[in-house]
Amino acid sequence: MLNNLTTEKDIRTFSVSAENLTGEKGKGGMAIEGSASDSAADLGQGWKVNPFLKIASGTTAVLADIKGQGAIKHIWITSAFDGPRELILRIYFDGHANPAVEAPLNDFFCNTNPNDFRQITSLAICVNPKNGNNCYFEMPYFKSFRVELENRSTETSWVYYQIDCEEKKIPANSLYFHAQFRRVNPLPYKEPYVILDNIKGRGHYVGTFMHWGVKSNGWWGEGEIKFYIDGDREFPTICGTGTEDYFGGAFNFDVNGKYTEYCTPYAGMPKVNTIDETYNCQRYFDLYRWHVTDPVYFKEDLKVTIQALGWRNGRKYRPLQDDISSVAYWYSNTLDDVYPALPSMEELELI
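This text gives an overview of the structure that appears in the document.

Reading the values: the criteria
Residues numbered from 1 in each chain as written. Predicted model: local features only at pLDDT ≥ 70, side-chain atom pairs only at ≥ 80, totals over all residues. Heavy atoms only, no water. Patch = residues over 30% accessible without salt bridge, like charges linked within 9 Å, V, L, I, M, F, W, Y side chains within 5 Å. Areas by Shrake-Rupley, 256 points an atom, 1.4 Å probe, with all protein chains shown as cover. Salt bridge = Lys/Arg side-chain N within 4 Å of Asp/Glu carboxyl O. Helix = DSSP H or I, 4+ residues; strand = E, 2+ residues; numbered from the N terminus. Buried < 20%, exposed > 50% of the residue type's maximum accessible area, 1.4 Å probe, protein only. Contact = heavy atoms within 4.5 Å. Core = buried A, V, L, I, M, F, W, Y, C linked by side-chain atoms within 4.5 Å. Phe/Tyr/Trp six-rings, centres within 6.5 Å; stacked < 30°, edge-to-face > 60°. Lys NZ or Arg CZ within 6 Å of the ring centre and 35° of its normal. Pairing = 2+ DSSP bridges.

The next subject is a nonpolar patch on the surface. Taken together, the side chains of Leu 123, Tyr 266 and Val 292 define a hydrophobic patch exposed on the protein surface, amounting to about 250 Å² of accessible area. Following the sequence through the fold, Leu 123 ends up in the loop between strand S7 (120-121) and strand S8 (125-128). For Leu 123, a relative accessible area of 45% corresponds to the partly exposed category.

On to the environment of Tyr 176. Here Tyr 176 is to be found in strand S13 (residues 176-184). Separated by 38 residues in the primary sequence, Tyr 176 and Glu 138 place their C-alpha atoms 9.3 Å from one another. Once residues within four sequence positions are removed from consideration, Tyr 176 is found in contact with Phe 93, Asp 94, Pro 140, Phe 142, Trp 330, Tyr 331, Ser 332, Asn 333, Thr 334 and Leu 335.

One finds Phe 93, Phe 108, Phe 145, Ile 163 and Tyr 329 to be the most contacted residues of the largest nonpolar core, which totals 54 residues. Per-element accounting of this core gives the leading share, 5 residues, to strand S5 (residues 87-93). In this structure Phe 108 touches Leu 89, Val 101, Ala 103, Ile 125, Cys 135, Met 139, Phe 177, Ala 179, Val 327 and Tyr 329, once residues within four positions along its chain are discounted.

Scanning the entire structure with this criterion turns up 26 aromatic pairs. Geometrically, the ring pair formed by Phe 137 and Trp 290 is edge-to-face, given 5.6 Å between the ring centres and 85 degrees between the ring planes. In this pair, Phe 137 is assigned in the loop between strand S9 (132-135) and strand S10 (139-141) and Trp 290 in strand S22 (residues 283-290), connecting sequence segments 153 residues apart. One exposure class covers both Phe 137 and Trp 290, and it is buried. Their ring planes at 45 degrees and their centres at 5.1 Å tell us that Trp 219 and Trp 220 sit as a pair that is tilted. In this pair, the class of Trp 219 matches that of Trp 220, namely buried. Three or more aromatic residues joined by ring pairs form one cluster here, namely Phe 108, Phe 109, Phe 137, Phe 177, Tyr 288, Trp 290, Tyr 329 and Tyr 331. Sitting over the face of the ring of Tyr 228, Lys 303 holds its NZ or CZ atom 5.8 Å from the ring centroid.

Here the focus is the sheet that holds strand S17 (residues 238-239). Here 4 strands make up an open sheet; going across it, the order is S14-S24-S16-S17 and the pairing antiparallel. Two strands bound the open sheet, and with one partner strand each, they are strand S14 (193-200) and S17. Across 5 bridges, the pairing between S14 and strand S24 (residues 301-306) is antiparallel. Each bridged residue has a counterpart across the sheet, and for Val 194 the counterpart in S24 is Thr 305.

Here it is, written out as structure tokens:
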């Protein structure tokens, strides 16, 4: 990527934040009154008067609403006074009625429970101390984009953010970025977990994040991931060999008898919770896999599933009924895919 810095380009750089909600040239830091008016009272305009937005309980804030052509290059965001899954992120492109991105904010950033912080260092997503969420997926748009954040909590949320963009002419064959959240709790017996389904058009799949809540003793990751591509029905074109294998690990993630967290550019298990105490006894695992150098291409449709599979006595597989959540990330040439309805706040709650 460094060689991309050596040539002249016809690009206007801008960013959208609470200090410049329109991204206009020369309009940043102009607020006279704002979220930090009291702190800036002795200094006045230009001295961090409005560095964050206050989003009231039960309301949705527009973080950005930009017209023109270009691409989102980077999103940084963090919030205060929020629990897991109380903020819902939605991103719309080119005036389309349905969001291309819809997920709980923290799940989108592979950081389901921000109260249990871990560093995430990867090419696509970074989560830095303390809960500085960063996304580096490029998101092209031809006419416009809008970013919204819904506050489902009972408290006012304080949200700090910056969306870094490029105003430029993009190729006619540019694809739209998508991200879709799902959760099943518990997974029905002998049913695979569906990561993505009913996706039409042409494009490529670029990543998976999973929050896996294990509800039984023993190893839980024998299940295979399967990619059903362009008309595959009963059997997929791509079939993995095990859950830990898909996420770049091996042999139960077990080093010296313990699960081992890891973070790499393309795959990782940054969070393992195996605490066994009276009020915090549920195991869960956060895992990510980026298909940056190995996208899964499709020309007509795509479905992605994964099995939840453990062991019975006698070395027999045992289908599990775990609490599984995921975010699927992909690019396609259409905005017409309709996502399943997002679960209610109660159904999203981590337990």
